[in-house]
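# Remarks on the overall topology
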There are 2 protein chains.
Amino acid sequence: MKIRFFFVLSLFSLQILLSQEPVEFVNPFIGTSNYGATNPGAIAPRGMASVSPFNVAGGTNKLEKDSQWLSNPYVHENVFLTGFSHVNLSGVGCPDLGVILAMPTTGDVETNHETYGTTYKNETAKAGYYAVELDKYQIKAEVTASTRVGVSRYTFPKGKANILINLGLGLTNEQGGMLKINSPSEVEGMRTVGSFCYNNPEASYPVYFVAQLSKPSKEFGAWKNPYNYEGVEAQWMTYNDKVRIKKGFTREVVGDSIGAYFSYDFQQPTEVELKVAVSYVSIENARENLQKEVGNRSFNDIYEETRDAWNEKLSVAEVEGGSAEDKTVFYTALYHAQIHPNIFSDVNGEYPEIATGKIGKTEGSRYTVFSLWDTYRNYHQLMTLLYPGEQTEMINSMLAMYDENGWLPKWELNSTETFTMVGDPASVVIADSYLRGLRNFDVEKAYEAMLKGATVTENNPLRPGNAEYVEKGYLSVESGIAGPVSTTQEYNISDFAIAQLAKALGKKEDYKKFYKRSQSYRKLYDSETGLLRPKKANGDWYEPFDPNAGANFTKNVGYIEGNAWQYVYMVPHDIRGIIKLKGGGENFIQQLDYIFDAGHYDMANEPDFGYPFLYNFVTGENDKAQKRINDLLDRYYSNAPAGLPGNDDTGTMSAWVIYAMMGFYPVTPADPVYTLFAPKFNKITLHLEDNHEVIIKSFIKAGEPLKYILIDGKKHENLFISHSKLIGTSSIEMY
Amino acid sequence: MKIRFFFVLSLFSLQILLSQEPVEFVNPFIGTSNYGATNPGAIAPRGMASVSPFNVAGGTNKLEKDSQWLSNPYVHENVFLTGFSHVNLSGVGCPDLGVILAMPTTGDVETNHETYGTTYKNETAKAGYYAVELDKYQIKAEVTASTRVGVSRYTFPKGKANILINLGLGLTNEQGGMLKINSPSEVEGMRTVGSFCYNNPEASYPVYFVAQLSKPSKEFGAWKNPYNYEGVEAQWMTYNDKVRIKKGFTREVVGDSIGAYFSYDFQQPTEVELKVAVSYVSIENARENLQKEVGNRSFNDIYEETRDAWNEKLSVAEVEGGSAEDKTVFYTALYHAQIHPNIFSDVNGEYPEIATGKIGKTEGSRYTVFSLWDTYRNYHQLMTLLYPGEQTEMINSMLAMYDENGWLPKWELNSTETFTMVGDPASVVIADSYLRGLRNFDVEKAYEAMLKGATVTENNPLRPGNAEYVEKGYLSVESGIAGPVSTTQEYNISDFAIAQLAKALGKKEDYKKFYKRSQSYRKLYDSETGLLRPKKANGDWYEPFDPNAGANFTKNVGYIEGNAWQYVYMVPHDIRGIIKLKGGGENFIQQLDYIFDAGHYDMANEPDFGYPFLYNFVTGENDKAQKRINDLLDRYYSNAPAGLPGNDDTGTMSAWVIYAMMGFYPVTPADPVYTLFAPKFNKITLHLEDNHEVIIKSFIKAGEPLKYILIDGKKHENLFISHSKLIGTSSIEMY
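This is a predicted model, so every value here is computed, not measured.

Turning to the overall build of chain A, a few remarks are in order. Scanning chain A for helices and strands turns up 20 helices and 35 strands. Whereas a compact globule of 735 residues would reach a radius of gyration of roughly 27 Å, chain A reaches 26 Å, a difference of no more than 12%. Along the longest, intermediate and shortest principal axes, the C-alpha atoms of chain A span 80 × 65 × 45 Å. The 735 residues of chain A split such that 66% are buried.

Right, let's talk about helix α9 (residues 425-435) of chain A for a bit. All names here are of chain A. Counting buried positions along α9 yields 10 of 11 residues, so the element is predominantly enclosed. Along α9, the residues classified as buried are Pro425, Ala426, Ser427, Val428, Val429, Ile430, Ala431, Asp432, Ser433 and Tyr434. In this structure, the buried residues of α9 make contact with α6 (372-375), α7 (379-386), α8 (388-405), α10 (443-455) and α12 (484-504). Positive phi shows up at Gly437, right after α9, with a value of about 115°.

Glancing now at the relation of the copies chain A and chain B. When chain A is brought onto chain B, the operation consists of a screw motion whose angular component is 180° and whose axial shift is 0.0 Å, with 0.0 Å RMSD remaining. Both chain copies can therefore be described as sitting about a two-fold axis. Closest approach to the rotation axis among the C-alpha atoms of chain A is made by A:Gly255, whose C-alpha sits 3.0 Å away. Both copies present the same face, since 100% of the interface residues in chain A are matched by interface residues at the equivalent positions in chain B.

Our focus in this paragraph is the sheet that holds strand β30 (residues 683-687) of chain B. Residues and elements named next belong to chain B. What the six strands build is an open sheet, ordered β18-β30-β31-β35-β32-β33; its pairing is mixed. The open sheet is flanked by β18 (317-320) and β33 (714-716), the only strands paired with a single partner. Mean inter-strand twist for the sheet, computed between neighbouring axes without regard to direction, equals 20°. The pairing of β30 with strand β31 (residues 693-698) spans five bridges and is antiparallel. In the strand pairing of β31, Leu686 is matched with Val694.

This part covers the interface of chain A and chain B. If you look at the interface, chain A gives 47 residues, while chain B gives 47 residues. Between chain A and chain B, roughly 3,900 Å² of surface is buried when both sides are summed, and carbon and sulfur atoms account for 52% of that area. Together, A:Tyr198, A:Trp236 and A:Arg251 form the three largest contributors to the area buried by chain A at its contact with chain B, with a combined 16%. Between B:Glu174 and A:Arg244 there is a salt bridge, with the nearest N and O atoms lying 2.3 Å from each other. If you list the elements that add at least two residues to the side of chain A that touches chain B, you get β10 (177-183), β11 (186-193), β12 (205-213) and β14 (244-247) of chain A. Grouping the constituent residues of the side of chain A that touches chain B by class yields 22 nonpolar, 13 polar and 12 charged.

Take the side chain of B:Asn162 next. All names here are of chain B. Secondary-structure assignment places Asn162 in strand β9 (residues 159-166). With a relative accessible area of 2%, Asn162 lands in the buried category. There is a polar contact of 2.8 Å between the side chain of Asn162 and the side chain of Ser263. When sequence neighbours within four positions are dropped, the list of residues in contact with Asn162 reads Met103, Pro104, Thr105, Thr106, Gly107, Asp108, Val109, Phe156, Phe262 and Ser263.

Turning to the domain arrangement of chain A, a few remarks are in order. Residue and element names in this part refer to chain A. Under the domain assignment used here, chain A contains domain 1 (29-312), domain 2 (349-463) and domain 3 (465-567). Once you take the C-alpha centre of each, domain 2 and domain 3 turn out to be 23 Å apart. Each partner contributes residues to the interface: domain 2 has 26 residues there, and domain 3 has 27 residues. Considering only the surface of domain 2 that becomes buried against domain 3, Val422, Tyr447 and Arg463 emerge as the three largest contributors, covering 33% of it. Viewed at the interface, domain 3 and domain 2 are joined by three salt bridges. Here Arg377 and Glu490 are joined by a salt bridge, their closest N and O atoms 2.9 Å apart. Viewed at the interface, domain 3 and domain 2 are joined by 12 residue pairs in polar contact (both at pLDDT 80 or more). The set of elements that each furnish at least two residues to the side of domain 2 that touches domain 3 consists of α9 and α10. Ranked by residues supplied to the side of domain 2 that touches domain 3, first place goes to α10 with eight residues. Residue composition of the side of domain 2 that touches domain 3, by class: 16 nonpolar, six polar and four charged.

A separate point is the packing of helix α12 (residues 484-504) of chain B against helix α13 (residues 508-518) of chain B. All names here are of chain B. Between α12 and α13, whose axes approach to 7 Å, the crossing angle comes to 160°. Taken together, α12 and α13 sit at an angle that is classed as roughly antiparallel. The hand of the α12/α13 crossing is left-handed. For the pair α12 and α13, contact is made by Asn492, Asp495, Phe496, Ile498, Ala499, Gln500, Ala502 and Lys503 and by Asp510, Tyr511, Phe514, Tyr515, Arg517 and Ser518, respectively.

This brings us to the packing of α9(A) against α12(A). The relative placement of two packed helices comes down to the angle between their axes together with the axis-to-axis distance. Residue and element names in this part refer to chain A. Packing of α9 against α12 brings their axes to within 8 Å, and their N-to-C directions diverge by 35°. In terms of crossing hand, the pair formed by α9 and α12 is left-handed. When α9 is examined against α12, the residues Pro425, Ser427, Val428, Ala431, Tyr434 and Leu435 are found in contact with a partner set consisting of Ile493, Ser494, Ala497, Ile498, Gln500, Leu501 and Ala504.

Attention now goes to the sheet that holds strand β34 (residues 720-722) of chain A. The strand order β28-β29-β34 (chain A) describes an open sheet built from three strands, whose pairing is antiparallel. Of all the strands in the sheet, just β28 (664-665) and β34 of chain A have a single pairing partner and so form its edges.

With that out of the way, let us pick up the packing of aromatic side chains. For any pair of aromatic rings, the description rests on two quantities: the centre-to-centre distance and the angle between the ring planes. Residue and element names in this part refer to chain A. What the rule picks out here adds up to 81 aromatic pairs over all chains. Lys126 extends its terminal NZ or CZ atom over the ring of Tyr129, reaching a point 5.6 Å from the ring centre. Across from the ring centre of Trp541, 4.6 Å away, lies the NZ or CZ of Lys535, which sits over that ring.

Let us now look at the state of the cysteines. All names here are of chain A. The final tally for this structure, using the stated rule, is two disulfides over all chains. The partner cysteine of Cys94 in its disulfide is Cys197, sulfur to sulfur 1.7 Å. Disulfide Cys94-Cys197: torsion about the S-S bond near 90°, hence right-handed. Residue Cys94 is found in the loop between β3 (84-85) and β4 (101-106), and its partner Cys197 is found in the loop between β11 and β12; the two are separated by 103 residues along the sequence. Accessibility classification places Cys94 together with Cys197 in one group, the buried group.

The positions that UniProt labels "domain: Glycosyl hydrolase family" (unreviewed entry) are, in the present scheme, residues 285-733 of chain A. Helix makes up 43% of residues 285-733 of chain A and strand makes up 12%, while its end C-alpha atoms are separated by 51 Å.

This brings us to the pattern of salt bridges. Residues and elements named next belong to chain A. Across all of its chains, the model carries 70 salt bridges over all chains by this definition. We note a salt bridge from Lys624 to Asp593, for which the minimum N-O separation is 2.5 Å. Taken together, the positions of Lys624 in helix α18 (residues 622-636) and Asp593 in helix α16 (residues 585-597) put the pair 31 residues apart, joining distant regions of the chain. Classification of Asp593 by relative accessible area gives buried; the value is 13%.

What follows concerns the pairing of strand β4 (residues 99-106) of chain B. Residues and elements named next belong to chain B. Most of β4 is tucked away: seven of the eight residues are buried. Sheet topology places strand β3 (residues 84-87) next to β4; three bridges connect them, and they run antiparallel. Bridging across to β4, Phe84 finds its partner in Ala102. Here β4 runs beside β9; their pairing, made up of six bridges, is antiparallel. Bridging across to β9, Ala102 finds its partner in Ile165.

On to the pairing of strand β9 (residues 159-166) of chain A, then. All names here are of chain A. Among the eight residues that make up β9, seven are buried, leaving the element largely enclosed by the rest of the structure. One ladder, built from eight bridges, connects β9 with strand β16 (residues 258-266); its direction is antiparallel. The residue bridging Lys160 from the neighbouring strand is Asp265, located in β16.

For helix α19 (residues 652-662) of chain B, the tally of buried residues reaches 11 of 11 residues, placing the bulk of the element in the interior. Looking one or two places after α19(B), you find B:Gly663, whose phi comes out positive at around 95°.

The next subject is the confidence of the model for chain A. Overall, the prediction assigns chain A a mean pLDDT of 95, with 97% of residues at 70 or greater. Predicted confidence is poor over residues 1-18 of chain A, with pLDDT under 50, and the contacts of this stretch with residues over four places away or in other chains come to 21 contacts.

Right, let's talk about the environment of B:Val294 for a bit. Residues and elements named next belong to chain B. One can find Val294 in the loop between α3 (283-293) and α4 (299-314). Look at Val294 and you get buried, because its relative accessible area is 3%. Sequence separation between Val294 and Val456 is 162 residues; the distance between their C-alpha atoms is 47 Å.

Rules behind the numbers
- Residues numbered from 1 in each chain as written.
- Chains lettered and ligands numbered in written order.
- Predicted model: local features only at pLDDT ≥ 70, side-chain atom pairs only at ≥ 80, totals over all residues.
- Heavy atoms only, no water.
- Helix = DSSP H or I, 4+ residues; strand = E, 2+ residues; numbered from the N terminus.
- Rg over C-alpha atoms; globule rule 2.2 N^0.38 Å.
- Buried < 20%, exposed > 50% of the residue type's maximum accessible area, 1.4 Å probe, protein only.
- Contact = heavy atoms within 4.5 Å.
- Least-squares fit on C-alpha atoms with pLDDT ≥ 70 in both.
- Pairing = 2+ DSSP bridges.
- Axes fitted to C-alpha atoms, helices over the stretch in contact; angles between N-to-C directions.
- Buried area = accessible area lost by both parts, 1.4 Å probe.
- Salt bridge = Lys/Arg side-chain N within 4 Å of Asp/Glu carboxyl O.
- Nonpolar A, V, L, I, M, F, W, Y, C, P; charged D, E, K, R; others polar.
- Polar contact = N/O pair within 3.5 Å; in protein donor to acceptor, adjacent residues only side chain to side chain.
- Domains from an automatic or database assignment.
- Parallel < 35°, antiparallel > 145°, perpendicular 65-115°, else oblique.
- Left-handed = near helix turned anticlockwise from the far one by under 90°.
- Phe/Tyr/Trp six-rings, centres within 6.5 Å; stacked < 30°, edge-to-face > 60°.
- Lys NZ or Arg CZ within 6 Å of the ring centre and 35° of its normal.
- Disulfide = S-S within 2.5 Å.
- UniProt positions renumbered as here; feature names shortened; annotations may be inferred.
- pLDDT = per-residue confidence, 0-100.

Spelled out as structure tokens, the structure:
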């Protein structure tokens, strides 16, 4: 990755020229309600560690983590805080991580979170910073983070005070931890996490940590809540099922519900800083991460550095001429798009490989958290545009996974394949990046990996339905594959991407083969209903057919997380094809309008979220695109905790809003073309590689009809622009 | 400790001269029934590790570990074997340790002990060796051990074979382990143990291990049985409560029920050796123990070395002229007396200190497992006589504990104070050893430690009742101290020992003070019943008084593990005093006879087990001593699994039988005098320090009247001999 000296300079000038820096438009509370599943905790860009307030356990909380499918450590409506978790996922749909909880308290040591938890007030959240006041204790807790270290500053009142490290409580449903107190100011250990989306529990794995305090405690110890012993002997175990306080204990403690405490007796109000470094390799690496990344530097030092890092990341796009609310929605989305995929390798480059059981080493960064069913659609396109160095490293991480376990990732989380969702999305991402111009990866290896996923018909973890798909061109309702219609569409999209890459690499036969395969969704097109519908292996339509079944994540026969309306146009690689299938643009638009008007459009999930841009594919319908896009922005995105329509999906929803506000969208994965519409801002400056600036100006109001477009001063004759042209141009003007 | 070159030589000559070596008279099955609580597993003298067959869990076993207060990993009557545990206690009264279970199986990997357990046949047990054939698998399992490493040899039939390391199952009621597979032939980890006698669970602590296989496995993995998840989410956890097989997993696994497996596919019957090294300090130390103590040597090498070590230890006493049964009872008792206290320090001298949380280091050996309420009575006297170097190191271990936590031990187990039983017994042991001539310890420090235990009246963990005791001379029934009568007696015995040491050290005032204190049991003597009985704080007798209450370990108001009959003569330091109290020898003998004849005498516990020797304190009653002692030997001790009267009490019962068979007994702790009677054998040769031999010959049958005694050829005028005279003489002849 090239270092962008320009940004360092521009940041400096920005600070002089602008009253507000980009970070000041980040509101980490966006997405913390309405199942956005983000959290307001402190994190550095693509941080491995983060420090999130944890308020989903106990007390009078509205949403309790174990009472439903709750995938975030923090919910804005909740009121009862039980600590700060140090590894967290953002915007995902399943609970995992949310462990290594630190909690400051006063008075006697209490180890039960129901007892030590507290209400709170005066929350503040910024990029890289979160602060809160704990009602029960009169403690101010502030948190920040470097890439691999969470740093907290607790301001205690005079008197007895404690810092708890609780390894029992967590968002993950996995259990088991180990800790060892090394001194009055240090504890090390590990916590088991995994079985994301209730899958693959065999692969549950440890996250290691070292926690250091800025002031040695007066007293310390470990605690353990053993399980209730049910044998006859329980009658002699007066301590059965009671917490054990292991005062001064310095050996390993293991168990499902354990923790460490450090106690003080302050003569005056006192600040204590807590540094919690994590690693997925070892305790030793966690310690090295702490030393190299933070060392003896203070909370303020780390926050300043992380704030600068955020400013640099966010400065890639300067927006002007929108409301403060719009700017906040935009920069917060860009902030959310810089959380996952996150760095997985330690400062020394080590990381646990996928499936091999070995520790690998990388020169750059190993990335993790590839929610590819989501992100192949727009997220990685955005990264290729704004952060091409990062996107290249992400591709190289995916190729390293292929080296390690023989397959590209599907939904990779901390070097475990969670096998969540369907399709073969990594091929799409890699082909798309190549076709957009990224070259710093081994494309032949990537192509080999794609072919393997696309052609192996037995025991293929990426395409478990590949045998029937290759044979028939579609997955039948008897296939045993969840959502046979939508999964057929996903395989088609992948095959299209492989075809496009094959073409670029001069592999003509492959191009033909895979392009042909990519059209096979048509076998599921029912001209009677005008929808793609489930089919039996014998070629008959599956009955009964209810096009509404499957909305709101309910299970149904044909589709994953959606219904027939939400999937019918999820053929981004063949929009013109399906228009023909429908019998022309008029019918196409009619059905598209119906979907929106009847409320079938689901902004909260990926299958249909390209729909508003499809109007641009029919001449004369651009006004509707302008309106639909702007309406969706206004309706679903705002500067509020509920300001995301649903799970952020590791930045995919945020990528949608970023594109939608900038005035262009990459409708077809692996086809490096954007469709154009009016942006939300009057002026957007993209600071791309090699100091190249692209300035997009709009002279109309978002949502209003677009009359014409000038590119580098020349009138642009259609609503599409290639990626290479967009990044090569200097000026796009919308009138 | 001086190296006894003599024994090495004598061993060589013994092997030529004798048809059978001492080790051939060891039957490790003695004590494995009737709650003897020994086990037939392989152990080196005073070994930290041992390898015991584990047959107290599951199947159709008669005694199930969790169904009662069962304190041993093996019960002779049981039939269902579920592995071999690598740290074990011998002859104790509470369950602990019995963990790190190895199990060879064939076929597919099964991880549930109920499923993989098996019946067995053809058990063989020798000193340092145990072998068994597993019915279900046609596997022969042989085990041996060095001091810190258990070594097993499994002979597998052709086909699929597995070696399991199960960290879930165990005798201890503590839970929690960690493991990490390092290669196809190595796993390391730890297991939590502790809360011996259901006490002090806060101090539960880890035992670490490294296990290595002689042949790399073809496949390996870890397993984990998570607890049943009870949240709403359990509906999505199809794996809830099911074992997780983590094939090829090489990271840490923690949990209450975890294990590792190593699998093979043998083309022909194959032997695999398993070496499991333990340490209470760290995994690194366990590895060092393995490398330094065993290295690449074979099962046969280790067994040969351990067998030689046992022969050397047992050759300290040569017995002739008894039956093979008598010799087996004798040498097995000597073998059992060489198991605890056991070595606790690693080969590098490191060990966990008591209470400090620090790792200490010793030049010699740190000993552990001090069941001092038992062993102060005769065991340490025997060690002083036969193994003075070891006894000195045990005293130095006790003094190091005093340095570490400020108190002498009471019932110390692996550097935790279990606070089991009553009294202040360490003082007795140390004073006794000094008075018998041991000098290689800091007696002034020891004396200081004793004074602390005897004089501190607040928060005194050794004598929690000391305030009332010091004030009144006895503990009242209101004291809150269990067994106020017997505990008063225990404090008296300690005070007597301190007095004797004070006298030897020239501390006359202390001598007077503590001697006087040692007589205070008399305040509890009730001349009406002729018994020591519970008293109230106001000086009134406690009513109702049932002298029988408390037999067979039932709870009662006055006595710990005994009744008034079993405690009345437990004043070994004042036998002549209580004879006077009783109104003379005749009454004394009358009551002693009554106790035996009415069946109040309990051979299975310590309080009264000096009684048969008390006849010698009344002139003319020696014949009864001869008869009672011999009757008890015949009745309670035999070459059979039930050949111990009850718990071996870490060698205390065995010390009793050794003395009883040798013809002398140390009735009064801290009074270095033995009383004499006819031995079980015609000739006993004691090989003492500096190549000195003491030969005891008997020309009468055990149990028959003793006419006279010659010492070094001169007639001995009484039935007592001082320790110094005994070890200085060459010949004692009984006619």
